[in-house]
Amino acid sequence: MRDDTYLFVSDLHLDAALPAAVTQFLDFLQGPALKAQGLYILGDLFEAWVGDDDPEPCRGRVCEALKAYTAAGRLGFVVRGNRDFLFGAGFEARTGFALLPDPVLVEIGAFRAFVSHGDVLCIDDHPYQELRSVVRNPRWQRRFLALPLQTRRALADKARAGSKAHTGRQANTLMDVNPTAVTQAFLATGTRLMVHGHTHRPGIQMLDIQGEPARRIVLGDWYEQGSCLRVDGSGAYELLTLPRG
Ligand code: MN
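Residues numbered from 1 in each chain as written. Predicted model: local features only at pLDDT ≥ 70, side-chain atom pairs only at ≥ 80, totals over all residues. Heavy atoms only, no water.

1. Let's talk about the sheet that holds strand S11 (residues 237–242)
Overall, mixed pairing links the 6 strands, which are arranged S4-S3-S2-S1-S10-S11 in an open sheet. Only two strands of the sheet have a single partner each, and these edge strands are strand S4 (98–100) and S11. Across the sheet, the mean angle separating the axes of adjacent strands is 25° when strand polarity is ignored. Pairing analysis gives 4 bridges linking strand S1 (residues 6–9) to strand S2 (residues 38–41), with the strands arranged parallel. Residue pairing in the sheet places Val-9 in a bridge with Ile-41 of S2. Sheet strands in contact with helix H1 (residues 19–30) are S1, S2, strand S10 (226–231) and S11, and its direction is about 150° off that of S2. (Pairing = 2+ DSSP bridges. Helix = DSSP H or I, 4+ residues; strand = E, 2+ residues; numbered from the N terminus. Axes fitted to C-alpha atoms, helices over the stretch in contact; angles between N-to-C directions. Contact = heavy atoms within 4.5 Å.)

Dropping the structure here:
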């Protein structure tokens, strides 16, 4: 049985070290997500992704479950996050999920939204934005992906440790979206609705964009519980917390 809804999730940070989140997501794929038309994953599905050829079993199980989901006739879309920015054609082939550009416009009935992982809006975090411009460079990515798997894993572990230290040092406001970047995104796309993750601060923010009401929907992470936006065919939506059973 399928209804007319689409679901949006982000920041699952799936990793063998946090099996409860993996189990919850696998159950989610076979439960609520299977009842929907399709699923949008807005980045940081995995804690790390060092290449589409990585045979690590936990990530492999998740990819197989995504493949089963699309094989059942559901639609799957993925936006790259800052942890899994190396998703490529191999990931699409393994899962049947289609990679989307970031940002991307998504329309479901009256729901017309600017959709992004969200890190592009965090322009006050200068060291992070510098790092982002390096690692998103296709030439840097080709060189990295040519390294042996073990080297890539070791470098990714080092990068994660560096990122943790950086997040710990930075002031809280610098890690959030920049209000001007948000306004510009609304104006540039003509949308009055935005959906993103990355900041791990779930909620719906009401804004005024040139006299018109706008809303910024922020998806939560899956460290302690699930978080999901449900949009039905008319465009009505609801931000849900998914308790961990
Ligand atoms: Mn992120």
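2. A few points about the sheet that holds strand S9 (residues 212–218)
Overall, mixed pairing links the 5 strands, which are arranged S5-S6-S7-S9-S8 in an open sheet. Either end of the sheet is taken by a strand with one partner, and the two such strands are strand S5 (104–108) and strand S8 (203–209). Pairwise comparison of adjacent strand axes, ignoring direction, gives a mean angle of 25° for this sheet. Judged from the 5 bridges that link them, S5 and strand S6 (residues 111–116) form a sheet pairing that is antiparallel.

3. Comments concerning the coordination of the manganese ion
At 2.0 to 2.2 Å from the manganese ion lie its protein donor atoms, namely Asp-44 (OD), Asn-82 (OD1), His-117 (NE2) and His-198 (ND1). Sequence spacing of the donor residues for the manganese ion, all on one chain, is D-x37-N-x34-H-x80-H. Of this pair, His-117 sits in the loop between S6 and helix H5 (126–135) while His-198 sits in the loop between strand S7 (193–196) and S8, and the two are 81 residues apart along the sequence. Side by side, His-117 and His-198 carry an identical accessibility label, which is buried. (Donors = N, O, S within 2.8 Å, 3.2 Å for Na, K, Ca; no water. Buried < 20%, exposed > 50% of the residue type's maximum accessible area, 1.4 Å probe, protein only.)

4. Observations concerning the pairing of strand S3 (residues 75–79)
Summarising burial for S3: 4 of the 5 residues are buried, a large majority. Of the pairings in the sheet, the one linking S2 to S3 comprises 4 bridges and is parallel in character. When the sheet's bridge partners are listed, Tyr-40 is paired in S3 with Phe-77. Note on the crossover from S2 through helix H3 (residues 57–71) to S3: the handedness is right-handed. In this sheet, S4 lies alongside S3 in parallel orientation, the contact comprising 3 bridges. In the strand pairing of S4, Phe-77 is matched with Ala-98. (Right-handed = clockwise from strand over helix to strand, strands pointing away.)

5. Considering the nonpolar core
Among the nonpolar cores identified, the biggest contains 36 residues, and Phe-25, Phe-28, Leu-39, Ile-41, Leu-45 and Phe-91 are the most heavily contacted of them. Here this core takes 6 residues from H1, the largest share from any one element. Among the nonpolar cores identified, the runner-up in size contains 19 residues, and Tyr-40, Phe-77, Leu-100 and Val-106 belong to it. (Core = buried A, V, L, I, M, F, W, Y, C linked by side-chain atoms within 4.5 Å.)

6. A word on the packing of H1 against H3
In the contact formed by H1 and H3, the axes pass within 10 Å of each other and the chain directions differ by 10°. Looking at the two axes, H1 sits roughly parallel to H3. On H3, the residues that touch Val-22, Phe-25, Leu-26 and Leu-29 of H1 are Cys-58, Arg-61, Val-62, Ala-65, Leu-66 and Tyr-69. Across the contact of H1 with H3, the residue classes break down as 9 nonpolar, no polar and 1 charged. (Parallel < 35°, antiparallel > 145°, perpendicular 65-115°, else oblique. Nonpolar A, V, L, I, M, F, W, Y, C, P; charged D, E, K, R; others polar.)

7. Topic: the side chain of Asp-176
Assignment of secondary structure puts Asp-176 in the loop between helix H7 (149–169) and helix H8 (179–189). On the basis of relative accessible area, Asp-176 is assigned to the buried category, the value being 17%. Of the polar contacts made by the side chain of Asp-176, one reaches the side chain of Arg-201; its length is 3.0 Å. Contacts of Asp-176, omitting those with residues within four sequence positions, involve Cys-122, Thr-199 and Arg-201. (Polar contact = N/O pair within 3.5 Å; in protein donor to acceptor, adjacent residues only side chain to side chain.)

8. Re the packing of aromatic side chains
A ring pair, where both rings are aromatic, is described by two values, the distance of the centres and the angle of the planes. By the definition in use, this model includes 16 aromatic pairs. Judged by centre distance (5.6 Å) and plane angle (80°), the rings of Trp-49 and Phe-91 are edge-to-face. Taken as a pair, Trp-49 in the loop between S2 and H3 and Phe-91 in helix H4 (residues 89–95) lie far apart in primary sequence, 42 residues in all. Trp-49 gets classed as buried once you look at its relative accessible area, which sits at 3%. Taking the relative accessible area as the measure of exposure, Phe-91 reaches 0% and is therefore buried. Between Tyr-69 and Phe-97, the ring centres sit 6.1 Å apart and the planes meet at 35°, which makes this aromatic pair tilted. Placement of Tyr-69 in helix H3 and of Phe-97 in the loop between H4 and S4 is noted, with a sequence separation of 28 residues between them. (Phe/Tyr/Trp six-rings, centres within 6.5 Å; stacked < 30°, edge-to-face > 60°.)

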